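A closer look at the structure
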Amino acid sequence: MAARSPLLARLAELAASTRVALLDDRGTTTHDQLIRRARSVAGALLNGAPSLDGRRVALLLTQDADWLAAFLGVLIAGGVVVPLAPAYPAAELAWFAADAEADLVLLSAEYDALALDLAHGRRVLRVDALLCAAPAPLEPTLRAPDDLALLLYTSGTTGRPKGAMLTHANLATHARLLGTAWGFTERDQLLHTLPLHHLHGLGISLLTAYLAGAATRMLPRFDPERVTRSLAHATVFMAVPTIYRRLADAADPARLAAGARTLRLATSGSAALPIPLGEWWRSLAGDYPLERFGMTEVGVALSNPLEPSGRQPGRVGTPLPTVEIRCADDGELYVRGPSVFAGYWRRPDTTPFEDGWFRTGDLAETDAAGSVRLLGRTSVDILKSGGYKLSALEIEAALAEHPALAEVAVVGLPDATWGDLVVCAFIVRAGSSAPDHDSLRAFARARLAAYQVPREFVALAELPRNPLGKVVKPRLVELLRART
Ligand code: MCA
Ligand code: AMP
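Rules behind the numbers
- Residues numbered from 1 in each chain as written.
- Chains lettered and ligands numbered in written order.
- Predicted model: local features only at pLDDT ≥ 70, side-chain atom pairs only at ≥ 80, totals over all residues.
- Heavy atoms only, no water.
- 1 Å grid on protein atoms, 1.4 Å probe; cavity = no way out; pocket = protein on both sides within 12 Å on 5 of 7 lines; lining within 4 Å.
- Points joined across faces, edges and corners; volume = space filled by probe spheres on them.
- Helix = DSSP H or I, 4+ residues; strand = E, 2+ residues; numbered from the N terminus.
- Nonpolar A, V, L, I, M, F, W, Y, C, P; charged D, E, K, R; others polar.
- Near = heavy atom within 4 Å.
- Polar contact = N/O pair within 3.5 Å; in protein donor to acceptor, adjacent residues only side chain to side chain.
- Pairing = 2+ DSSP bridges.
- Areas by Shrake-Rupley, 256 points an atom, 1.4 Å probe, with all protein chains shown as cover.
- Salt bridge = Lys/Arg side-chain N within 4 Å of Asp/Glu carboxyl O.
- Buried < 20%, exposed > 50% of the residue type's maximum accessible area, 1.4 Å probe, protein only.
- Phe/Tyr/Trp six-rings, centres within 6.5 Å; stacked < 30°, edge-to-face > 60°.
- Axes fitted to C-alpha atoms, helices over the stretch in contact; angles between N-to-C directions.
- Parallel < 35°, antiparallel > 145°, perpendicular 65-115°, else oblique.
- Contact = heavy atoms within 4.5 Å.

1. A short note on the layout of surface pockets
Considered as a void within the structure, the second largest pocket measures approximately 330 Å³ in volume. Along the wall of the second largest pocket there are 21 residues; nearest its centre are Thr157, Pro352, Arg359, Thr360 and Arg377. Broken down by element, the residue count for the lining of the second largest pocket peaks at four residues, all from strand E19 (residues 357-366). Looking at the lining of the second largest pocket residue by residue, the class counts come to five nonpolar, ten polar and six charged.

2. A closer look at the site of ligand 2
In the vicinity of ligand 2, 16 residues are found, and the nearest of them are Arg292, Thr296, Asp362, Arg377 and Lys384. Backbone polar atom of alanine 272 to a nitrogen atom of ligand 2: 3.4 Å apart, as the coordinates give it. Listing elements by their share of the shell around ligand 2, those giving two or more residues are strand E13 (290-295) and strand E20 (372-377). Tallied by class, the residues present in the shell around ligand 2 amount to six nonpolar, four polar and six charged.

3. Some remarks on the sheet that holds strand E9 (residues 189-192)
Within a sheet, each strand pairs with its neighbour through backbone hydrogen bonds, oriented either parallel or antiparallel. Spatially, the nine strands line up as an open sheet ordered E2-E1-E10-E9-E11-E12-E13-E14-E15, and their pairing is mixed. Every other strand in the sheet has two partners, leaving strand E2 (27-30) and strand E15 (318-319) as the edge strands with one partner each. Bridge count between strand E14 (residues 299-303) and E15: two bridges; the pairing is antiparallel. Pairing of leucine 302 across the sheet is with proline 319, part of E15.

4. Some words on the site of ligand 1
Taken together, 26 residues surround ligand 1, and among them Ser270, Arg292, Ser385, Arg441 and Arg455 come closest. Arginine 246 places a polar side-chain atom, nitrogen or oxygen, 3.0 Å from an oxygen atom of ligand 1. Here a nitrogen atom of ligand 1 and a backbone polar atom of glycine 386 are 2.9 Å apart. Look at ligand 1: alone it shows 1,000 Å² of surface, and the protein chains cover 75% of it. Of the residues that constitute the shell around ligand 1, the class distribution is twelve nonpolar, nine polar and five charged.

5. Observations regarding the pattern of salt bridges
Applying the stated criterion across every chain, the model contains 32 salt bridges. Glutamate 396 serves as the salt-bridge partner of lysine 473, at 2.5 Å between the closest nitrogen and oxygen. A residue pair is termed long-range when its members are at least 10 positions apart, and lysine 473 in helix H15 (residues 473-482) and glutamate 396 in helix H13 (residues 392-399) qualify at 77 residues. Given the relative accessible area of 13%, glutamate 396 is considered buried. Here glutamate 401 and arginine 447 are joined by a salt bridge, their closest N and O atoms 3.2 Å apart. Taken as a pair, glutamate 401 in the loop between H13 and strand E23 (405-415) and arginine 447 in the loop between helix H14 (437-445) and strand E25 (456-459) lie far apart in primary sequence, 46 residues in all. A relative accessible area of 29% means that arginine 447 is categorised as partly exposed. Salt bridges sharing partners connect three or more residues here, namely Arg26, Arg37, Asp64 and Asp66.

6. Considerations on the environment of aspartate 146
Residue placement: aspartate 146 occurs in the loop between helix H6 (127-130) and strand E7 (148-154). Through-space distance from the C-alpha of aspartate 146 to that of proline 6 is 9.9 Å; in sequence the pair is 140 residues apart.

7. Some words on the packing of aromatic side chains
For the structure on display, the rule yields 15 aromatic pairs. Here the aromatic rings of tryptophan 95 and tyrosine 153 are separated by 6.1 Å at their centres, their planes lie at 75 degrees, and the arrangement is edge-to-face. In this pair, tryptophan 95 sits in helix H4 (residues 90-99) while tyrosine 153 sits in strand E7, placing the two residues 58 residues apart along the sequence. You can call tryptophan 95 partly exposed: its relative accessible area is 21%. Overall, the relative accessible area of 10% leaves tyrosine 153 in the buried class. Judged by centre distance (5.7 Å) and plane angle (40 degrees), the ring pair of phenylalanine 341 and phenylalanine 353 falls under tilted. Here the residue phenylalanine 341 occupies a position in the loop between strand E17 (332-336) and strand E18 (353-354), and phenylalanine 353 occupies one in strand E18, the gap between them amounting to twelve residues. An aromatic cluster of three or more residues is present, and its members are Tyr88, Trp95, Phe96, Tyr153, Tyr388 and Tyr451.

8. Digging into the packing of helix H3 (residues 65-76) against helix H8 (residues 199-211)
It is the contact of H3 with H8, at a shortest axis distance of 13 Å, that shows an interaxial angle of 90 degrees. In terms of orientation, H3 and H8 fall into the roughly perpendicular class. Residues Trp67, Leu68, Phe71 and Leu72 of H3 form the contact with H8, whose participating residues are Leu202, Leu206, Leu207 and Tyr210. The residue inventory of the contact of H3 with H8, partitioned by class, reads eight nonpolar, no polar and no charged.

So far we have only geometry, and geometry alone does not tell us how the molecule works.
Structure representation (structure tokens):
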């Protein structure tokens, strides 16, 4: 018998459950209701056809139960999900849809204004109109474990973002590994506040809880007050360090502590957790956050233990079962195993596989017990701001179009809130006057996601260069830091 998607096989088990799967601002949705809605989305997308046969379907949806119903609906119909985010300007959203060759787009009412920008030969459908359609069967056609399920766009050191191809088996294996390692049961409630167009929010958080049969309370976006209020009902919280920083700055410590102490698990990832911030959480919640290392292309590969006393501040832990790692001579971390992705969409030449090992671009060292400490990245052009991976080169390319700028160089300056604070140094074109900060931000905002826009713009007479004329970014970072 042909192998069957482990993800859809798990849906078949959950379809009978009347336990709560999702809580959002509109109420509660049980597993059976959610899967029924997903089958309706699938029925509407299929429109009588047996399968979408790997067609890409872009989602631009409010973060609530219908997001997950749409996601599962596309998979049931045999499609591949391409999650988009409203943080991007319309032209960028259209670029993602074009690159993914998505000919269907699902939109929620909140983003109606973007329908025309996304149309261009694509069918744009309102998701609420599909939720009551005649439901498709749970597996209208057999999906195989290696069939693509998801394209997640991620920035790299070359040009535009690339779509990381994740299969049904990748997602199911990863969720099962994490569910087991982090002790998920049906009795858990995950407090979810992360964006769903990245693996942390979608695969590491939502799918782990959902496929374990647990409930997820979804907030539409991060809000310190709502997190403080919702923690008391949750058992698990997952966040990036910037979110812990925001909570430390904004939340009422006594109320936050009351909720945080009821959690059985709080995790941190996507960027390095500063030890003082982890210790602040320990003083408030009782345990140091469980820090782990992940990547869009490999999922969570390394994790500190669930048992709090085994967690080591400043280290990201040991490989999860089935994950293998090695450190190359120069310290670069390589990963392999069944959660590792299938390559970059339409760019096989750019996928950094070496003999089946994925090169992460992270530098790492291992202690005698095998626990890993991250030491930085191999490229200065990859930045992490608030947990988002940013390409300095991509931001430079967008700003280079500005008529008054002769040269631009983008770097990350160490910052307590964002990790890397994105700063753009520029040289004004001869004969032009220096544009002001606000106009530069507006120019960048029209071309980049809100979180890619540099926080600061600094006019310089010249950029530090090596004898070959290449900008020396570590030197530029020193220069910019010396200014403040
Ligand atoms: C928002 N802004 C940012 C960022 N987020 N600027 C730089 N970096 C950011 N990350 C901008 C907004 O556009 C706004 O700009 C201003 O900051 C204030 O916005 P605010 O509403 O206060 O911020 P926020 O919306 O609360 O966002 C902060 C956040 C968010 C919640 C930390 O950045 C976030 O959700 N980050 C998570 C990213 C993530 O999930 N990464 C996972 C990648 P303006 O004032 O101009 O309007 S996957 C991964 O890394 C792997 C798999 C792994 O290991 O997890
Ligand atoms: P992304 O491409 O957005 O999935 O980001 C993956 C990158 O996030 C990794 O290559 C690391 O550089 C970084 N990262 C993830 N978790 C951690 C962590 N716990 N500490 C430091 N960096 C991390």
